[in-house]
Amino acid sequence: MELELTEEQAAFVETTRRFLAAASPLSAVRALEPHPDGFDREVWRRAAELGWTSLLVAEADGGGSFSDHGLTDLVLVAEEMGRVVAAGPLGPVNVVAEAVSRAGSTDQRAGVLPGLLSGEQLAAWCGPEPIDAVVTGSGLSLRGTCAAVEAGAQADHLLVAVRLEGGLSQALVPAGAPGLTITPLDGLDLVRRFAEVRFDDVAIDRARLLGPPGGAGAEIDRQWRVACVLQCAETVGALDHVFAMTLEYLGDRYSFGRPLSSYQALKHRLADDKVWLEACHGIATGAARAVAADLPNAGELTSAAMAWIGPHATELIQDCIQLHGGIGITWEHDLHLYLRRATVNRATLGTPEEHAERVATGLLGAAS
């Protein structure tokens, strides 16, 4: 989170925090575990009324933000959701909504955005890896598989990257298209849902393409960066809460007449964890700023944030579990909910090792 928020941002954060406390406490998260969607659609519609789905959409299309860059406002929501491991397709819906607002035709914007902005409909982003598209007369036939698509089984619209005419394009595919097979996947997170999306000669007309054919490379890169910085912000929000929870526990828990927080060995561990936490805050904020402003080093900062936050998040939460002692490893305690979310985030949108390799490749390429 930014060190200094504007008055509007501060009010937005407070409203978001109060809404999540009332509509999505941890008890509600636990209750949603068997739910096929993993979230309450009525709660999502109310969240959309607060502006959660419109911050990356142009004002002309019904959106708007509090600051110059809507992404710096949206990461505030992601961080608050992380604090309570809240359910809801914040990332995919916003990635697709921005993509349609930026590159969609008049008909696409009119047909897709109202439903997403109101929360009545959902969208899933199938990721940056393209599938094959074959030209068939006036239309296209899509073939390929997209693995681990968040909210894939719940979405009304799917945004998929395709190889076409010597370059990358994107297509908006309705969820009920013939030849489209969506298979829900089991996951570690109690409420986050993923699905395998398979395209078996899915026929679409060219009006389903988002933007000019063959010219979507830069847009796909931006979508990937936006998804990554939202994920980073959510993970940092989770870490913030876990660290505060652990600090409070060590102050309340006594051993041999002294609070656990008074023992030097535990103080040193907490100091290390605090350094990691603040570094996560700093690099997540830096990446969000760079992506929001489309800076030249946005890709490098995004991968650096993913490479740092992923492993340090799971290690910090594991350490906090140990500091809680035996109670920390029970199902009844909430710590495992945060570890599940951080572990899933570490494994999606690229592993820390893959992101570190991207950074290294970019630096070595620039030096050669």
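The coordinates are above.
Residues numbered from 1 in each chain as written. Predicted model: local features only at pLDDT ≥ 70, side-chain atom pairs only at ≥ 80, totals over all residues. Heavy atoms only, no water.

A.B. asks: In this structure, what is going on with the overall build of the protein chain? I would like to understand it.
C.D. replies: Helix and strand content of the protein chain: eleven helices and nine strands. For a compact globule of 368 residues, the expected C-alpha radius of gyration is about 21 Å, and the protein chain comes in at 21 Å, within 12% of that figure. In terms of its C-alpha atoms, the protein chain occupies a principal-axis envelope of roughly 80 × 55 × 40 Å. Within the span of the protein chain, comprising 368 residues, buried residues form 51% of the whole. Within the protein chain, counting contacts between residues at least 6 apart in sequence, those at least 24 apart form 75% of the total. Here the protein chain displays about 16000 Å² of accessible surface, and carbon together with sulfur accounts for 54% of that area. Charge separation in the protein chain, taken as the distance between the mean sites of 28 positive and 48 negative side-chain charges, equals 3 Å. (Helix = DSSP H or I, 4+ residues; strand = E, 2+ residues; numbered from the N terminus. Rg over C-alpha atoms; globule rule 2.2 N^0.38 Å. Buried < 20%, exposed > 50% of the residue type's maximum accessible area, 1.4 Å probe, protein only. Contact = heavy atoms within 4.5 Å. Areas by Shrake-Rupley, 256 points an atom, 1.4 Å probe, with all protein chains shown as cover. Lys, Arg positive; Asp, Glu negative; His and termini not counted. Charge placed at Lys NZ, Arg CZ, Asp CG, Glu CD.)

A.B. asks: Even after reading the chapter, I still don't get the packing of aromatic side chains, so can you show me in this structure?
C.D. replies: Two measures describe an aromatic ring pair: the distance that separates the ring centres and the angle between the ring planes. A complete count under the given rule lists three aromatic pairs for this structure. Here the aromatic rings of F19 and W52 are separated by 5.6 Å at their centres, their planes lie at 85 degrees, and the arrangement is edge-to-face. Note that F19 is positioned in helix α1 (residues 7-23) and W52 in the loop between α3 (41-49) and α4 (70-83), a separation of 33 residues in sequence. Of the two residues examined, F19 and W52, each falls in the buried class. With a centroid separation of 6.5 Å and an interplanar angle of 75 degrees, the aromatic rings of W44 and W52 are classed as edge-to-face. W52 carries the same exposure label as W44, and that label is buried. An aromatic cluster is defined as three or more aromatic residues linked by ring pairs; in this entry it consists of F19, W44 and W52. Here the basic side chain of R358 rests over the ring of W224, its NZ or CZ set 4.2 Å away from the ring centre. (Phe/Tyr/Trp six-rings, centres within 6.5 Å; stacked < 30°, edge-to-face > 60°. Lys NZ or Arg CZ within 6 Å of the ring centre and 35° of its normal.)

A.B. asks: Would you mind going over the nonpolar core with me for this structure?
C.D. replies: Here is a general trend for soluble globular proteins: nonpolar side chains tend to be buried in one another's company. Formed by 85 residues in total, the largest nonpolar core has its most connected members in W52 and L71. Examining the composition of this core, we find that 15 residues originate from one element, helix α7 (residues 217-252), more than from any other. Among all residues touching W52, those that are not within four sequence positions of it are F12, T16, F19, L20, W44, A47, L74, V77, M81, L90 and N94. Judged by nonpolar contacts, the second largest core, of 22 residues, contains V149, V173, F199 and V202. (Core = buried A, V, L, I, M, F, W, Y, C linked by side-chain atoms within 4.5 Å.)

A.B. asks: Help me understand the pairing of strand β3 (residues 139-150), please; the structure alone is not making it clear to me.
C.D. replies: Each regular strand carries side chains that alternate between the two faces of the sheet. Both strand β2 (residues 131-136) and β3 contribute to a ladder of five bridges, which runs antiparallel. Considered in β3, the bridge of D132 is made with R143. As consecutive antiparallel partners, β2 and β3 are separated by two residues, and within that stretch G137 has a phi angle of approximately 65 degrees, a positive value. Strand direction decides the pairing type here: β3 and strand β7 (residues 194-205), joined by ten bridges, are antiparallel. Note on β7: the bridge partner recorded for E150 is F194. (Pairing = 2+ DSSP bridges.)

A.B. asks: Can you help me understand the environment of L247 in this one?
C.D. replies: Within the secondary structure, L247 is located in helix α7. As for L247 and S261, which are separated by 14 residues in sequence, their C-alpha atoms are 7.5 Å apart.

A.B. asks: How should I be thinking about empty space enclosed by the protein in this particular structure?
C.D. replies: The method is simple in principle: a probe with the dimensions of a water molecule rolls over the atoms, and the space it marks as empty is what remains. Enumeration over the complete set of coordinates arrives at four cavities of 30 Å³ or more. Quantified by volume, the second largest cavity comes out at close to 90 Å³. Considering the residues around the second largest cavity, the lining is formed by 14 residues, among which G88, E150, V191, R192 and R193 are closest to the centre. When grouped by side-chain class, the residues that make up the lining of the second largest cavity number six nonpolar, three polar and five charged. (1 Å grid on protein atoms, 1.4 Å probe; cavity = no way out; pocket = protein on both sides within 12 Å on 5 of 7 lines; lining within 4 Å. Points joined across faces, edges and corners; volume = space filled by probe spheres on them. Nonpolar A, V, L, I, M, F, W, Y, C, P; charged D, E, K, R; others polar.)

A.B. asks: Honestly, the pattern of salt bridges in this entry has me stumped. Any pointers?
C.D. replies: Think of it this way: side chains of opposite charge can pair up when their charged atoms draw near. In total, this model carries 22 salt bridges according to the counting rule given. With a shortest N-O distance of 2.7 Å, E80 and R17 are connected by a salt bridge. Within this pair, whereas E80 is found in helix α4, its partner R17 is found in helix α1, the two being separated by 63 residues in sequence. In this structure E80 comes out as buried when scored by relative accessible area, which is 2%. On the basis of relative accessible area, R17 is assigned to the partly exposed category, the value being 39%. Of the charged contacts in the structure, one is a salt bridge between E79 and R83, with a shortest N-O distance of 3.3 Å. Highlighted residues: E79 and R83, both in helix α4, separated by four residues, approximately one helical turn. The two residues E79 and R83 agree in class, both being buried. (Salt bridge = Lys/Arg side-chain N within 4 Å of Asp/Glu carboxyl O.)

A.B. asks: Before we go on, may I ask you to explain the environment of G251 in this structure?
C.D. replies: When you line up the elements, G251 lands in helix α7. The class for G251 is partly exposed, based on a relative accessible area of 31%. C-alpha of G251 to C-alpha of S262: the two residues are eleven residues apart in sequence and 8.0 Å apart in space. The residues contacting G251, other than those within four sequence positions of it, are P259 and S261.

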